[in-house]
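Coordinates in review
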Amino acid sequence: MTSLDKPTSDTDQPHRTDQQDADAKAVTEAALFEAFGGVRGMVETVLPGLLFVTIFTINKDLKASAIGALAVSLLLVVVRLIRKDTVKHAFSGVFGVGFGVLFAKMTGEAKAFYLPGMIYTLGLALAYLVTTLAGVPLIGLILGPVFKENLSWRTRNPGRKKAYAKASYAWGLILLAKCAILFPLYWWADTTQLGWVLVSLKIPPFLLAVYLTWVFLAKAPPPIDVFAEMEAEEQAEKDREARRGVEDGPVPGFAPVEHDLSTGFAGTEHDAGTSGDRRTP
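So, a few notes on the structure that sits alongside this text. Given the structure is predicted, the values throughout are model-derived calculations rather than measurements. (Residues numbered from 1 in each chain as written. Predicted model: local features only at pLDDT ≥ 70, side-chain atom pairs only at ≥ 80, totals over all residues. Heavy atoms only, no water.)

To continue, consider the overall build of the protein. The secondary structure content of the protein amounts to twelve helices and two strands. N-terminal to C-terminal, the α/β element order of the protein is α-α-α-α-α-α-α-α-α-α-α-β-β-α. The buried share of the protein, taken over its 281 residues, is 35%. Considering only contacts within the protein whose residues lie at least 6 apart along the sequence, 70% involve residues at least 24 apart. Approximately 17200 Å² of the protein is accessible, and the part contributed by carbon and sulfur atoms is 66%. (Helix = DSSP H or I, 4+ residues; strand = E, 2+ residues; numbered from the N terminus. Buried < 20%, exposed > 50% of the residue type's maximum accessible area, 1.4 Å probe, protein only. Contact = heavy atoms within 4.5 Å. Areas by Shrake-Rupley, 256 points an atom, 1.4 Å probe, with all protein chains shown as cover.)

Below is the structure:
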C-alpha cells in the first residue's frame, strides 16, 4: 500500500490550534461559496421565479409572465458571459425556467410553471439520502473536487466521510421538509399563493443547509490534497531516479583504457613503462 492509498483514522489527526481551526473554517466557507455560487448564485436562482409570480399577480397573463422569467434568465447568462464568469448557475436557471414554461404551456395552467422545480427538489432530496445510505454522500461528490480531495475521503479520511454524511442527511431532510410544504400547496393553493410561498422558501432552507454543511466540515479533519500528493510523489520518483544514476556510476573494477599515441597500442601507463622485454627488429 502506497502513501497515497494509506487510510488515516481520526486518532491519526494532530490536535489543531485555534488558528488552524479558524483557517479550516475560512477554507470551508470559501469552498462552499464557490460550489453554491454565493450571493450572486442565490439571486440568479430566485429572480426568474420572483419575476414570474410578480407579473402573474399583477395581470394574470401566463404568456407575459413566462416571457419575463425566460428573458431575465437569458440576460443573467449574457452578463456572466460578458464578464467571463462561470455560467453553470445561470444556465441551470435557464433550463429550470425553460422547463417551467414548457409545462405551463402544455397544461395551460400557470401553476405548472413551478412543477419541474418541485420535482427536481424532491429528486435531489432523495439523492442526498440514498447516496448517504449507500456510503457515498452526494455532498462529498460535489465538494470533493472543490477541496482538491476528490474521493480520497471515502477510504482515507473517515472523519471527513462522517461529516459529509451528516451534511448530506441535512440537505436531504431540509429539502424533503420543503417538498412537504410545496406539494400540498400545488393542489390546494392558487398560482399566486404557491408562487409567493415558493419564492419565500428559496433562500432560507438553502442557507440553513449550507450553514450546517459548514459546521460539520469545519469540525472535520482537513481534506487530503490528492493533487499535491501526486506532485510530491512524482518529484520523489524523479529524485530517486537521479540518485540511482549517481550511485550506479562507472562499473567497479573496470579501469579506463588509455591509448599509447607513440606506439598505437592500447594499454595502461604502467604497462608501457614495464614492458622492457619488448624486442626491436
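Back to the text.
Here helix 2 (residues 38-59) spans 33 Å end to end across 22 residues, near enough to the 32 Å set by a 1.5 Å rise per residue. The sharpest bend along helix 2 measures roughly 30 degrees and falls at Val46, with the proline Pro48 sitting one to four residues further on. Once helix 2 ends, the next one or two residues include Lys60, with phi positive near 55 degrees. (Expected span 1.5 Å × (residues − 1). Bend = angle between axes of the 7 residues up to and from the residue.)

It is at 9 Å that the axes of helix 2 and helix 9 (residues 191-200) come closest, and there the two elements cross at 155 degrees. In this view, helix 2 runs roughly antiparallel relative to helix 9, as classed from their interaxial angle. Seen from above, helix 2 lies across helix 9 with left-handed handedness. Contacts between helix 2 and helix 9 involve Val46, Gly49, Leu50, Val53, Thr54, Phe56 and Thr57 from the first element and Thr191, Thr192, Gly195, Trp196 and Val199 from the second. Partitioning the contact of helix 2 with helix 9 into residue classes produces six nonpolar, six polar and no charged. (Axes fitted to C-alpha atoms, helices over the stretch in contact; angles between N-to-C directions. Parallel < 35°, antiparallel > 145°, perpendicular 65-115°, else oblique. Left-handed = near helix turned anticlockwise from the far one by under 90°. Nonpolar A, V, L, I, M, F, W, Y, C, P; charged D, E, K, R; others polar.)

A full pass over the atoms with the stated rule returns two salt bridges. A salt bridge links Arg80 to Glu44; the shortest N-O distance between them is 2.6 Å. In this pair, Arg80 sits in helix 3 (residues 62-83) while Glu44 sits in helix 2, placing the two residues 36 residues apart along the sequence. Owing to a relative accessible area of 4%, Arg80 belongs among the buried residues under this scheme. (Salt bridge = Lys/Arg side-chain N within 4 Å of Asp/Glu carboxyl O.)

Moving on, we get to the packing of helix 8 (residues 158-188) against helix 10 (residues 203-218). The geometry of helix 8 relative to helix 10 is characterised by a closest axis approach of 9 Å and an angle of 165 degrees between their N-to-C directions. The orientation of helix 8 with respect to helix 10, classified from their angle, is roughly antiparallel. Once helix 8 is placed against helix 10, the crossing between them reads as right-handed. Across the interface between the two elements, Arg160, Ala163, Tyr164, Lys166, Ala167, Ala170, Trp171 and Ile174 of helix 8 pack against Pro205, Phe206, Leu208, Ala209, Val210, Leu212, Thr213, Phe216 and Leu217 of helix 10.

Turning our attention to unusual backbone geometry. A positive phi angle, near 55 degrees, is found at Lys60, a position not held by glycine. Residue placement: Lys60 occurs in the loop between helix 2 and helix 3. The exposure class assigned to Lys60 is exposed, which follows from its relative accessible area of 51%. Within the chain, Lys148 stands out as a residue other than glycine whose phi angle is a positive 65 degrees. Tracing the backbone shows Lys148 in the loop between helix 6 (138-143) and helix 7 (152-155).

What follows is about the side chain of Thr213. When you line up the elements, Thr213 lands in helix 10. Contacts of Thr213, omitting those with residues within four sequence positions, involve Leu32, Ile139, Leu143, Ala167 and Trp171.

Moving on: the nonpolar core. By size, the foremost hydrophobic cluster in this structure holds 23 residues, and its most contacted members are Phe36, Ile139, Leu143, Tyr164 and Trp171. Listing elements by their share of this core, those giving two or more residues are helix 1 (18-36), helix 5 (115-133), helix 6, helix 8 and helix 10. In terms of residue count, helix 8 provides more of this core than any other element does, six residues in total. (Core = buried A, V, L, I, M, F, W, Y, C linked by side-chain atoms within 4.5 Å.)

Right, let's talk about a nonpolar patch on the surface for a bit. Where nonpolar side chains cluster on the molecular surface, the patch consists of Phe91, Phe95, Phe99, Leu102 and Met106 and spans about 550 Å² of accessible area. Along the chain, the position of Phe91 falls in helix 4 (residues 88-107). (Patch = residues over 30% accessible without salt bridge, like charges linked within 9 Å, V, L, I, M, F, W, Y side chains within 5 Å.)

What follows deals with helix 9. What helix 9 keeps buried is the set Thr191, Thr192, Leu194, Gly195, Leu198 and Val199. Buried residues of helix 9, viewed axially, fall in a sector of 160 degrees; they line one side. On its buried side, helix 9 packs onto helix 2, helix 5 and helix 8. (Arc of directions from axis to C-beta.)

Take the packing of aromatic side chains next. Tallying each qualifying case throughout the model produces nine aromatic pairs. Measuring from centroid to centroid gives 6.3 Å for Phe52 and Phe56, while their planes differ by 0 degrees, and the two rings are stacked. Residue Phe52 and its partner Phe56 are both found in helix 2; the two are separated by four residues, about one turn of the helix. Residue Phe56 is classed as buried on the basis of its relative accessible area, which comes to 12%. With a centroid separation of 5.6 Å and an interplanar angle of 85 degrees, the aromatic rings of Phe52 and Tyr114 are classed as edge-to-face. Taken together, the positions of Phe52 in helix 2 and Tyr114 in the loop between helix 4 and helix 5 put the pair 62 residues apart, joining distant regions of the chain. On the basis of relative accessibility, which here comes to 4%, the residue Tyr114 falls in the buried class. By way of ring pairs, the aromatic residues Phe52, Phe56, Phe113 and Tyr114 are connected into one cluster. If you follow Lys111 out to its NZ or CZ, it ends over the ring of Tyr186, 5.7 Å from the centre. The aromatic ring of Phe147 is capped on one face by Arg160, whose charged end is 4.6 Å from the ring centroid. (Phe/Tyr/Trp six-rings, centres within 6.5 Å; stacked < 30°, edge-to-face > 60°. Lys NZ or Arg CZ within 6 Å of the ring centre and 35° of its normal.)

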